[in-house]
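# Structural overview
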Amino acid sequence: GALFSTRGAEFAAVARAADVPVTYLLFDVLWLDGHDLTGQPYTDRRRLLEALVEPGPSWRVPPSHVGDGEAWLRAVTEQGLEGLVAKRLDSTYEAGRRSPAWRKIKVRRRQELVVAGWVEGDGGLSGELGGLVVAYHDDAGRLVYAGRVGSGISGTERRRVRAALSSRATDTSPIEVGLPSAWDRPVHHCRPEVVVEVAFAEWTGDGVLRHPSYVGERTDVDADQVIREPFPGD
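Quick notes on the rules
- Residues numbered from 1 in each chain as written.
- Predicted model: local features only at pLDDT ≥ 70, side-chain atom pairs only at ≥ 80, totals over all residues.
- Heavy atoms only, no water.
- Helix = DSSP H or I, 4+ residues; strand = E, 2+ residues; numbered from the N terminus.
- Rg over C-alpha atoms; globule rule 2.2 N^0.38 Å.
- Buried < 20%, exposed > 50% of the residue type's maximum accessible area, 1.4 Å probe, protein only.
- Contact = heavy atoms within 4.5 Å.
- Lys, Arg positive; Asp, Glu negative; His and termini not counted.
- Charge placed at Lys NZ, Arg CZ, Asp CG, Glu CD.
- Pairing = 2+ DSSP bridges.
- pLDDT = per-residue confidence, 0-100.
- Phe/Tyr/Trp six-rings, centres within 6.5 Å; stacked < 30°, edge-to-face > 60°.
- Lys NZ or Arg CZ within 6 Å of the ring centre and 35° of its normal.
- Polar contact = N/O pair within 3.5 Å; in protein donor to acceptor, adjacent residues only side chain to side chain.
- Patch = residues over 30% accessible without salt bridge, like charges linked within 9 Å, V, L, I, M, F, W, Y side chains within 5 Å.
- Areas by Shrake-Rupley, 256 points an atom, 1.4 Å probe, with all protein chains shown as cover.
- Salt bridge = Lys/Arg side-chain N within 4 Å of Asp/Glu carboxyl O.

## Looking at the overall build of the protein
- Check the secondary structure of the protein and you find four helices and 15 strands.
- Its C-alpha atoms give the protein a radius of gyration of 25 Å, more than 25% over the compact-globule value 17 Å for 234 residues.
- If one aligns the C-alpha atoms of the protein with their principal axes, the spans along those axes are about 70 × 50 × 35 Å.
- Across the 234 residues that make up the protein, the buried fraction comes to 29%.
- At a minimum sequence separation of 6, the contacts of the protein that also span at least 24 residues come to 58%.
- Charged side chains in the protein number 29 positive and 34 negative. The centres of these two groups are separated by 4 Å.

## Here we look at the pairing of strand S9 (residues 143–149)
- Taking burial as the measure, the seven residues of S9 include six buried ones, the bulk of the element.
- With six bridges connecting them, strand S8 (residues 129–137) and S9 associate as antiparallel partners. Across the sheet, Tyr136 pairs through a bridge with Val144, a residue of S9.
- Two successive antiparallel strands, S8 and S9, enclose a turn made up of five residues, where Gly141 displays a positive phi of approximately 85 degrees.

## Looking at unusual backbone geometry
- You will see that Asp33, though not glycine, has its phi angle at about 50 degrees, which is positive.
- Take Asp33: it is sitting in the loop between strand S2 (31–32) and strand S3 (35–36).
- Given the relative accessible area of 69%, Asp33 is considered exposed.
- Residue His211 is not a glycine yet carries a positive backbone phi of 50 degrees.
- Of note, His211 is situated in the loop between strand S14 (209–210) and strand S15 (213–217).

## As for the confidence of the model for the protein
- The predicted model of the protein averages 87 in pLDDT, with 91% of residues at 70 or higher.
- Highest mean pLDDT in the protein belongs to S9 (97); lowest belongs to helix H1 (residues 2–19) (60).
- Scored below 50 in pLDDT, residues 1–5 makes zero contacts in the model with residues more than four places away or belonging to other chains.

## Remarks on the packing of aromatic side chains
- Evaluated as defined, the whole model comprises five aromatic pairs.
- Look at Tyr136 and Trp203: their rings are 5.6 Å apart centre to centre, the planes differ by 75 degrees, and that puts the pair in the edge-to-face class. Of this pair, Tyr136 sits in strand S8 while Trp203 sits in strand S13 (residues 202–203), and the two are 67 residues apart along the sequence. Here Tyr136 and Trp203 have matching classes, each one buried.
- Relative to Trp203, the ring of Phe200 lies with its centre 5.5 Å away and its plane at 65 degrees, an arrangement referred to as edge-to-face. For the pair formed by Phe200 and Trp203, the shared burial category is buried.
- Of the aromatic side chains, those joined through ring pairs into one cluster are Tyr42, Tyr93 and Trp102.
- One Lys or Arg, Lys87, reaches over the ring of Trp102 and ends 4.0 Å from the middle of that ring.

## So, the environment of Glu157
- Within the fold, Glu157 resides in helix H4 (residues 155–166).
- When the C-alpha atoms of Glu157 and Glu217 are compared, they prove to be 9.7 Å apart, with 60 residues separating the residues in sequence.
- Separated by 2.9 Å, the side chains of Glu157 and Arg160 make a polar contact.

## Details of a positive patch on the surface
- A cluster of like positive charges, contributed by Arg98, Lys104, Lys106 and Arg108, occupies part of the molecular surface.
- Summarising the element assignment, Arg98 is placed in the loop between strand S5 (83–87) and strand S6 (102–106).
- Given a relative accessible area of 77%, Arg98 falls into the exposed group.

Below is the structure:
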């Protein structure tokens, strides 16, 4: 039984590799011929790595570039990629810890969204605005639930936005598609007239924002025109 299962897994792996080719990327060299290289500057390790590895059909050293970080971030954003890793050229390899000399720079998408309500805060925000219930219009003009946004809102902004939404209070939600059947805290509905800009990592498979944060109100955008904006790679 065990032999059959192992061989079955091997066959499945081979078949899967044929459908979805995988390339092994070598980013660094830490040890060579009995010598510890972790204390060497990154530029030295990188030159050695490139000299050691000849690109093959399933392995290679990924390209690197010195300078023009903003231009490269724009390029990966346009291609729908996750982001960049920036490394100090003189950095050593620090095993087992997150080194400040290496930075992961993630692409943050931005999207205008309509505020359809707000939820009560908890803990230190008890009695305050805890987060915004946001949505966008689909092709039929219906409001579609896009999630809740709570981070990035200052105390002063929370009070200002809450007052603006309270003056637009309604008994029912204007959202027609995807509205949660239950909430984990009190929610206040409002007319969909306020537009905010939100930064986020991506849309989840359920169609809501992942890791959203509040950027600010957009008084220059008509709420009726807010849709889900296309993004490269989606």
